[in-house]
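# Coordinate analysis (summary)
Letter by letter, the chains look like this.
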Amino acid sequence: MAVPRFWRRLKNLYNLLGTHCKNCGSYYYPPRNICPACRRGGKVEPYKFKGAGEVLTYTIIHGGPKDNARPTPYVLAIIKLDEGPRLTSQIVANPEDVKIGMRVKSVFRKLGEESKHGIIYYGTKFIPA
Amino acid sequence: MSVGIVSYGAYIPRYRIKLEEIAKVWGDDPASITGGLMVLEKSVPDIDEDTATIAVEAARYAVSRAGIDASRIGAIYTGSESHPYAVKPTSTIVAEAIDATPALTAADFEFACKAGTAGIQTCMGLVASNIIDLGMAIGSDVAQGAPGDALEYTAAAGGVAYVIGSRDLAAEIEATYSYTTDTPDFWRREGMPYPEHGGRFTGEPGYFKHVVSAARGLMDKLGTKPQDYNYAVFHQPNGKFPRRAAQMLGFSTEQIKPGIVVTLLGNTYSGSCMMGLAATLDIAKPGDRIFVTAFGSGAGSDAFSIRVTDGMEKIRGGAPSVESLLQNPVYVNYAIYAKHKGKIRL
Ligand SMILES: [Zn+2]
């Protein structure tokens, strides 16, 4: 990830920032400025997700670039947040401890670093709740 | 105007290594190590945790414990001797992660193990002079000891955040007093991975002189004596130093017991004394008085006289206690520990 790209996304990486439509009650992550269900009738407001959810499915990544913040093997999962939206994130846990349907919660961790002298990327991951 | 603690939050990584495991690697006698230091195990950060992530987790617990609107926070100071960047503040990362940006001031503090309490004093001043509504002071470290060095047995990871304000106090800070001299007992030069220290005889001119002088100075200023306090907390680089400091000053074993967290945690440096205070606040009742003295090599001590208010009962259950954070650890062996601490460069 290039520094300017990380910079722009920083707020959304640090916190699970999405949107909520007050008209139909739907939650969106990533954020949507227009509610696809209500179109022009939607009342969209910013929303910070609580960070609680469950594992819908997951995969164990064995290969990949060497990275101090994410040594292989690691678990990549699709998580359903309690408010509804789904997202893909790393789960910090032993691969054998991860189960479909398990409860998880968001934590603040290092996502990686450019290099030994480069920028450090921080953001959201999940751990077993 | 009364100034004090509105909320607080602590964070401890899940991993631990037993000191006997480290002793085995270096051929030291485990019993003499654990007996000499009065420490049994220490915390180890996960591979993707550092001072900034630990500071953020502690800060988030401090905000959620009392249900604070983070936009009220007008200053964030993070004290550490292991900031992830040499130039680029940790405090801005925390501010962004708790949604306190952009209307606030922020800076990182360094003063060995007392950088976090220096942050508390700074917040007290800004709150008392009405420049800010709330201030946040954090002590967070992923302490490093060179492999085989005596410090490796106790250098641990953890962080604590305090929200300082003048309304809705959980504990009033009645007064603070500091004692500072230029004492080269412990240091780390720019760019070097591990700190150096003056050896095992630095306790007298460093820790004990400063802790005892700051503590006596504060009690003289207030006209209080050890018997006026329910609890006392001292910086704890090991289990022996705080016990001896307490004895020198006339505090009892019972008074310091709840605040001794080093036994199962190790020395969390900037988080050490603040973690002991958090553990004491976890169990303190309204009206209780707590005497706190932090120490940072280099050297200086910050002493605080604290009185718990009725507000404490309202926020007690809002975030994990230090005791609960110490429960259910995952033990690692030396090889995994070395990987987590980056002693093996991948
Ligand atoms: Zn809608």
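Given the structure is predicted, the values throughout are model-derived calculations rather than measurements.

## Brief notes about the overall build of chain B
Counting secondary structure elements, chain B contains 13 helices and 14 strands. On C-alpha atoms alone, chain B measures out to a radius of gyration of 18 Å, which is about the 20 Å that the 2.2 N^0.38 rule sets for 346 residues. The proportion of buried residues among the 346 residues of chain B is 60%. Counting only contacts in chain B whose residues sit at least 6 apart along the sequence, the fraction spanning at least 24 positions is 80%. Put simply, chain B shows about 13,000 Å² of open surface, and 53% of that area lies on carbon and sulfur atoms. Separation of charge centres in chain B, based on 31 positive and 37 negative side chains, amounts to 3 Å.

## Section: the pairing of strand β2 (residues 15–18) of chain B
Pairing of β2(B) with strand β14 (residues 330–331) of chain B, which is carried by two bridges, proceeds in the parallel orientation. Opposite B:Tyr15, over in β14(B), you have B:Val330 as the bridge partner.

## With respect to the side chain of B:Asp46
Turning to its location among the elements, B:Asp46 is positioned in the loop between β3 (41–44) and α3 (51–65). Leave out the neighbours within four places in its chain, and B:Asp46 touches A:Val92, A:Arg109, B:Pro13, B:Tyr15 and B:His340.

## Quick notes on the packing of α3(B) against helix α4 (residues 90–97) of chain B
Residue and element names in this part refer to chain B. Between α3 and α4, whose axes approach to 9 Å, the crossing angle comes to 40 degrees. Taken together, the axis directions place α3 and α4 in an arrangement best described as oblique. The two elements α3 and α4 meet at a crossing, and its hand is right-handed. In contact with Ala 52, Ala 55, Val 56, Ala 59 and Arg 60 of α3, α4 contributes Thr 90, Ile 93, Val 94 and Ala 97. Looking at the contact of α3 with α4 residue by residue, the classes come out as seven nonpolar, one polar and one charged.

## Observations concerning the coordination of the zinc ion
Residue and element names in this part refer to chain A. Only Cys 21 (SG), Cys 24 (SG), Cys 35 (SG) and Cys 38 (SG) from the protein reach the zinc ion as donors, at distances of 2.3 Å. For the zinc ion, the four donor atoms in the first shell make angles of 103 to 114 degrees at the metal, so the coordination geometry reads as tetrahedral. Relative accessible area serves as the criterion here: at 38%, Cys 24 is assigned to the partly exposed category.

## With respect to the sheet that holds strand β2 (residues 27–28) of chain A
Residues and elements named next belong to chain A. The three strands lie next to each other as β2-β1-β3, forming an open sheet whose pairing is antiparallel. Two strands close off the open sheet at either side, each with one partner strand: β2 and β3 (44–48). Bridge count for strand β1 (residues 17–21) against β2 is two bridges, and the pairing is antiparallel. Each residue of the ladder has a partner; that of Thr 19, found in β2, is Tyr 28.

## Some thoughts on the sheet that holds strand β7 (residues 157–165) of chain B
All names here are of chain B. An order of β5-β4-β6-β7-β1-β8-β13-β12-β11 is seen for the nine strands of this open sheet, with the pairing classed as mixed. Every interior strand has two partners, whereas the edge strands, β5 (105–109) and β11 (231–234), have only one. The mean inter-strand angle of the sheet, taken between neighbouring strand axes irrespective of direction, is 20 degrees. Bridge count between strand β4 (residues 73–79) and strand β6 (residues 134–142): six bridges; the pairing is parallel. Its bridge partner being in β6, Thr 78 is matched across the sheet by Ile 138.

## A closer look at empty space enclosed by the protein
All names here are of chain B. For the structure on display, the rule yields one cavity of 30 Å³ or more. Contributions of two or more residues to the lining of the largest cavity are made by α5 (115–128), α10 (272–283) and β13 (298–308). A total of three residues in the lining of the largest cavity trace back to one element, the largest contributor, which is α10. Its residues placed into classes, the lining of the largest cavity shows nine nonpolar, one polar and no charged. Built from parts of two domains, the lining of the largest cavity gets at least three residues from each of domain 1 (4–170 + 314–341) and domain 2 (173–308).

## Topic: the domain arrangement of chain A
All names here are of chain A. Structurally, chain A comprises domain 1 (1–48) and domain 2 (50–129). Contacts between domain 1 and domain 2 engage 13 residues on the former and 18 residues on the latter. Carbon and sulfur atoms supply 68% of the area buried between domain 1 and domain 2, which totals about 1,200 Å² over both sides. Across the contact surface, domain 1 and domain 2 share zero salt bridges. At the boundary of domain 1 and domain 2, one finds three residue pairs in polar contact (both at pLDDT 80 or more). Only α1 (3–14), β2 and β3 provide two or more residues apiece to the side of domain 1 that touches domain 2. Residues of the side of domain 1 that touches domain 2, tallied by class, amount to eleven nonpolar, one polar and one charged.

## Here we look at the interface of chain B and chain A
Opposite the 21 residues of chain B that make contact, chain A presents 19 residues. Summed over both partners, the interface of chain B with chain A comes to about 1,800 Å²; 50% of that surface belongs to carbon and sulfur atoms. Joining chain B to chain A, the criterion identifies five salt bridges. The shortest N-O distance in the salt bridge between B:Glu49 and A:Arg109 comes to 3.6 Å. Our count for the contact surface shared by chain B and chain A stands at eleven residue pairs in polar contact (both at pLDDT 80 or more).

Each value, and the rule that gives it
- Residues numbered from 1 in each chain as written.
- Chains lettered and ligands numbered in written order.
- Predicted model: local features only at pLDDT ≥ 70, side-chain atom pairs only at ≥ 80, totals over all residues.
- Heavy atoms only, no water.
- Helix = DSSP H or I, 4+ residues; strand = E, 2+ residues; numbered from the N terminus.
- Rg over C-alpha atoms; globule rule 2.2 N^0.38 Å.
- Buried < 20%, exposed > 50% of the residue type's maximum accessible area, 1.4 Å probe, protein only.
- Contact = heavy atoms within 4.5 Å.
- Areas by Shrake-Rupley, 256 points an atom, 1.4 Å probe, with all protein chains shown as cover.
- Lys, Arg positive; Asp, Glu negative; His and termini not counted.
- Charge placed at Lys NZ, Arg CZ, Asp CG, Glu CD.
- Pairing = 2+ DSSP bridges.
- Axes fitted to C-alpha atoms, helices over the stretch in contact; angles between N-to-C directions.
- Parallel < 35°, antiparallel > 145°, perpendicular 65-115°, else oblique.
- Left-handed = near helix turned anticlockwise from the far one by under 90°.
- Nonpolar A, V, L, I, M, F, W, Y, C, P; charged D, E, K, R; others polar.
- Donors = N, O, S within 2.8 Å, 3.2 Å for Na, K, Ca; no water.
- Tetrahedral: all angles 85-135°; square planar, octahedral: opposite > 155°, others 65-115°.
- 1 Å grid on protein atoms, 1.4 Å probe; cavity = no way out; pocket = protein on both sides within 12 Å on 5 of 7 lines; lining within 4 Å.
- Points joined across faces, edges and corners; volume = space filled by probe spheres on them.
- Domains from an automatic or database assignment.
- Buried area = accessible area lost by both parts, 1.4 Å probe.
- Salt bridge = Lys/Arg side-chain N within 4 Å of Asp/Glu carboxyl O.
- Polar contact = N/O pair within 3.5 Å; in protein donor to acceptor, adjacent residues only side chain to side chain.

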